[in-house]
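One letter stands for each residue in the lines below.
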Amino acid sequence: MTISTNTNKVSKWDAVWRGYRQRCPHCDSAPLFRVYLKPVERCTHCGENFGHICADDLPPYLTIVVVGHIIVPFFMLTDRLYNLSGWVHGAIWLPLALVLMFYFLPRLKGVVLAWMWRIGLTGNETQSVKAGE
Ligand SMILES: [Zn+2]
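Here we summarise the structure given alongside this text. Bear in mind the structure is a predicted one, so any value in this text is a computation, not a measurement.

## Points about the coordination of the zinc ion
And step 1. Taken together, Cys24 (SG), Cys27 (SG), Cys43 (SG) and Cys46 (SG) make up the protein donors of the zinc ion, found 2.2 to 2.3 Å from the metal.
And step 2. One way to put it: the four donor atoms around the zinc ion meet at angles of 106 to 112 degrees, and that makes the site tetrahedral.
And step 3. Each donor residue of the zinc ion belongs to the same chain, and together they define the spacing C-x2-C-x15-C-x2-C.
And step 4. Residue cysteine 43 is classed as buried on the basis of its relative accessible area of 5%.
And step 5. Given a relative accessible area of 32%, cysteine 46 falls into the partly exposed group.

## Structural notes on the nonpolar core
And step 1. Grouped together as the largest cluster of nonpolar side chains are 17 residues, with contacts concentrated most on Cys43, Phe50, Ile53, Leu113 and Trp117.
And step 2. Residues within four places of leucine 113 in sequence aside, it is in contact with Leu32, Phe33, Pro39, Ile53 and Ala55.
And step 3. Listed in part, the six residues of the second largest apolar core include Val67, Trp93, Leu100 and Phe104.

## Some remarks on unusual backbone geometry
And step 1. Here the phi dihedral of glutamine 22 falls at roughly 60 degrees; this positive angle occurs in a residue that is not glycine.
And step 2. Judged by its relative accessible area of 21%, glutamine 22 falls in the partly exposed class.
And step 3. If you check the backbone angles, aspartate 56 has positive phi at about 60 degrees while not being a glycine.
And step 4. Relative to the elements of secondary structure, aspartate 56 occurs in the loop between helix H1 (12-20) and helix H2 (58-81).

## Points about the packing of aromatic side chains
And step 1. Inspection of the entire model under this criterion finds five aromatic pairs.
And step 2. Ring geometry for tryptophan 13 and tryptophan 115: centres 6.1 Å apart, planes at 45 degrees, overall tilted. Within this pair, whereas tryptophan 13 is found in helix H1, its partner tryptophan 115 is found in helix H3 (residues 86-119), the two being separated by 102 residues in sequence.
And step 3. For tryptophan 13, a relative accessible area of 66% puts it in the exposed group.
And step 4. Where tyrosine 36 meets phenylalanine 102, the ring centres are 6.1 Å apart and the plane angle is 55 degrees; that geometry is what we call tilted.

Criteria and thresholds
Residues numbered from 1 in each chain as written. Predicted model: local features only at pLDDT ≥ 70, side-chain atom pairs only at ≥ 80, totals over all residues. Heavy atoms only, no water. Donors = N, O, S within 2.8 Å, 3.2 Å for Na, K, Ca; no water. Tetrahedral: all angles 85-135°; square planar, octahedral: opposite > 155°, others 65-115°. Buried < 20%, exposed > 50% of the residue type's maximum accessible area, 1.4 Å probe, protein only. Core = buried A, V, L, I, M, F, W, Y, C linked by side-chain atoms within 4.5 Å. Contact = heavy atoms within 4.5 Å. Helix = DSSP H or I, 4+ residues; strand = E, 2+ residues; numbered from the N terminus. Phe/Tyr/Trp six-rings, centres within 6.5 Å; stacked < 30°, edge-to-face > 60°.

By themselves, these are just geometric observations and shouldn't be taken as functional.
Here you go:
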């Protein structure tokens, strides 16, 4: 497996912004995912490797934080302003939370993958330490 040494040519924020847009953080010319959350093994334009990077649970955690900070204030505001039953709140906020989750999860996974790619992490660092490498 060849790991790129060209990561320093892209600024960290450019890489993160490209990841958010689900584009290759190296060249910005090809998609970062082949399906919804499955990253490409190699960029179809520049050949950069992404298949070895494991983002693990960070993208879902970030999605929960982002969506929670959007949903909870509006939930609290409507709960204070209107006398709605729990069923009505559920009918409003649960579908909205799902839509926002499906929107943000691939974008935040792109951010995490791009950031990891940019700083040279693969997600296997703790295994390497345990194995004494
Ligand atoms: Zn590329």
